[in-house]
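A look at the structure
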Amino acid sequence: METKVLSSGIRFSNLPESYIRPESERPRLSEVSACENVPVIDLGSNHRAQVVNQVGLACKHYGFFQVTNHGVSSELVEKMQSVAHEFFDLPLEEKLKLYSDDPSKTMRLSTSFNVNKEKIHNWRDYLRLHCYPLHKYVPEWPSIPSSFKEIVGMYCTEVRELGFRIQELISESLGLEKDYIKKVLGEQGQHMAVNYYPPCPEPELTYGLPGHTDPNALTILLQDLQVAGLQVLKDGKWVAVNPHPNAFVINIGDQLQALSNGIYKSVWHRAIVNSDMPRLSVASFLCPFDDALISPANGLTGNDGSGAVYREYTYAEYYKKFWSRNLDQEHCLELFKNH
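Residues numbered from 1 in each chain as written. Predicted model: local features only at pLDDT ≥ 70, side-chain atom pairs only at ≥ 80, totals over all residues. Heavy atoms only, no water.

Regarding the packing of helix 1 (residues 48-61) against helix 5 (residues 148-173)
Between helix 1 and helix 5, the least distance of the axes is 8 Å, while the angle of their chain directions is 85°. The orientation of helix 1 relative to helix 5 falls into the category roughly perpendicular. Together, Arg48, Val51, Val52, Val55, Gly56 and Cys59 of helix 1 and Glu168, Leu169, Ile170, Glu172 and Ser173 of helix 5 make up the contact between the two elements. The class makeup of the residues in the contact of helix 1 with helix 5 is 6 nonpolar, 2 polar and 3 charged. (Axes fitted to C-alpha atoms, helices over the stretch in contact; angles between N-to-C directions. Helix = DSSP H or I, 4+ residues; strand = E, 2+ residues; numbered from the N terminus. Parallel < 35°, antiparallel > 145°, perpendicular 65-115°, else oblique. Contact = heavy atoms within 4.5 Å. Nonpolar A, V, L, I, M, F, W, Y, C, P; charged D, E, K, R; others polar.)

Some words on the packing of aromatic side chains
This model, assessed by the stated rule, comprises 13 aromatic pairs. Taking the centre distance of 5.1 Å and the plane angle of 90° together, the rings of Phe87 and Phe88 count as edge-to-face. No difference in accessibility class separates Phe87 from Phe88, as the two residues are buried. Consider the rings of Tyr315 and Tyr319, whose centres lie 5.5 Å apart with planes at 40°: the pair is tilted. Of this pair, Tyr315 and Tyr319 both sit in helix 8 (residues 315-323), separated by 4 residues, roughly a single helical turn. Assessed through its relative accessible area of 3%, Tyr315 is described here as buried. (Phe/Tyr/Trp six-rings, centres within 6.5 Å; stacked < 30°, edge-to-face > 60°. Buried < 20%, exposed > 50% of the residue type's maximum accessible area, 1.4 Å probe, protein only.)

Details of the sheet that holds strand 1 (residues 33-34)
Sheet architecture is open: 5 strands sit in the order 1-10-9-12-7, paired in mixed fashion. The open sheet has two edge strands with one neighbour each: strand 1 and strand 7 (209-212). Of the pairings in the sheet, the one linking strand 9 (residues 230-234) to strand 12 (residues 269-271) comprises 3 bridges and is antiparallel in character. In the strand pairing of strand 12, Val232 is matched with His269. (Pairing = 2+ DSSP bridges.)

Focus: the pairing of strand 11 (residues 248-252)
One face of the sheet, then the other: side chains in a regular strand alternate in exactly this way. In terms of residue burial, strand 11 counts as a mostly covered element, since 5 of its 5 residues are buried. Sheet topology note: the strand 3 (residues 64-68)/strand 11 ladder contains 4 bridges and is antiparallel. Bridging across to strand 11, Phe64 finds its partner in Asn251. The sheet contact formed by strand 8 (residues 218-222) and strand 11 spans 4 bridges and is antiparallel. Paired with Ile220 across the bridge in strand 11 is Ile250.

Topic: helix 1
For helix 1, which comprises 14 residues, the first-to-last C-alpha distance of 20 Å matches the rise-based estimate of 20 Å (1.5 Å per residue) to within 8%. Within helix 1, the full set of buried residues consists of Val51, Val52, Val55, Gly56, Ala58 and Cys59. Down the axis of helix 1, the smallest arc covering the buried residues is 165°, so these residues share one side. Tucked inside the fold, the buried residues of helix 1 contact strand 2 (40-42), strand 3, helix 5 and strand 11. Within two residues after helix 1, Gly63 carries a phi angle of roughly 85°, on the positive side. (Expected span 1.5 Å × (residues − 1). Arc of directions from axis to C-beta.)

Here's the deal with the pattern of salt bridges
The tally for this structure, following the rule as stated, stands at 12 salt bridges. Of the charged contacts in the structure, one is a salt bridge between Arg48 and Glu172, with a shortest N-O distance of 2.6 Å. Placement of the pair is Arg48 in helix 1 and Glu172 in helix 5, with a sequence separation of 124 residues. (Salt bridge = Lys/Arg side-chain N within 4 Å of Asp/Glu carboxyl O.)

Right under this line is the structure:
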């Protein structure tokens, strides 16, 4: 029988047909080199102006950066990784109780990206959780492993605080008040995707996730330290972002590209798979409040506002558009440009 998820304990000897990308869309792994000079920013530094400057340069030229001394305890990070592994190691029937392919559910285990719509699937399973406010969502989270709710709850709280600190630095780097972004985005939602990429028999033919940008404001990614797999598009070439010890990868999402009037770029990134080892990553997303009005900040659009690249829209409008398309179609932000 065909199982609904890949993390079934069965090792595939061939890649099933429904995962094979057409020739022109394959990852061409042999052409990918390591990203030189990935910005690594020390948030523990006492020189705030310098940190703000580094953040600005990274957002402008890379669309992502790594942060160290970020205030999330290394013990908690280890616990998060180990409870995530425990979850994906559960017996299949236990995991399938949580399976759903309905994207509107606030807690579900699923596979690929949008199984019902896409023609070719991606080699990943993921547990998708809503994380804010915690008291509202924790009750529906997995109760096995027994420590899951407590560990993941603490992790979400610390990562949220980190996200807000980074938003302040990004605001300042644009020459705006430090709480500007936080005010515009309103009571921010928070989601998490715990991604699991099983060993893949033919990694050259498929993706864990194909190239895409994130529809939210900010993504805080915990990479697997043992197994690399994140690649970003830099100067028209895919490059590998190797995990840095005790660091998070911070991705600029579409909403910050719009708020910055296109000065900062929402980074195209993808996940590749390998034939030897499973890979696990934890992506935390900070999202504007549904009714938040997103438009370029006044100070960035010229004196009369005529330089605004994007029109005003609500986040709910954006998110609906994003989910109604395929992941690797043209950039969703293009649909919101001023013509």
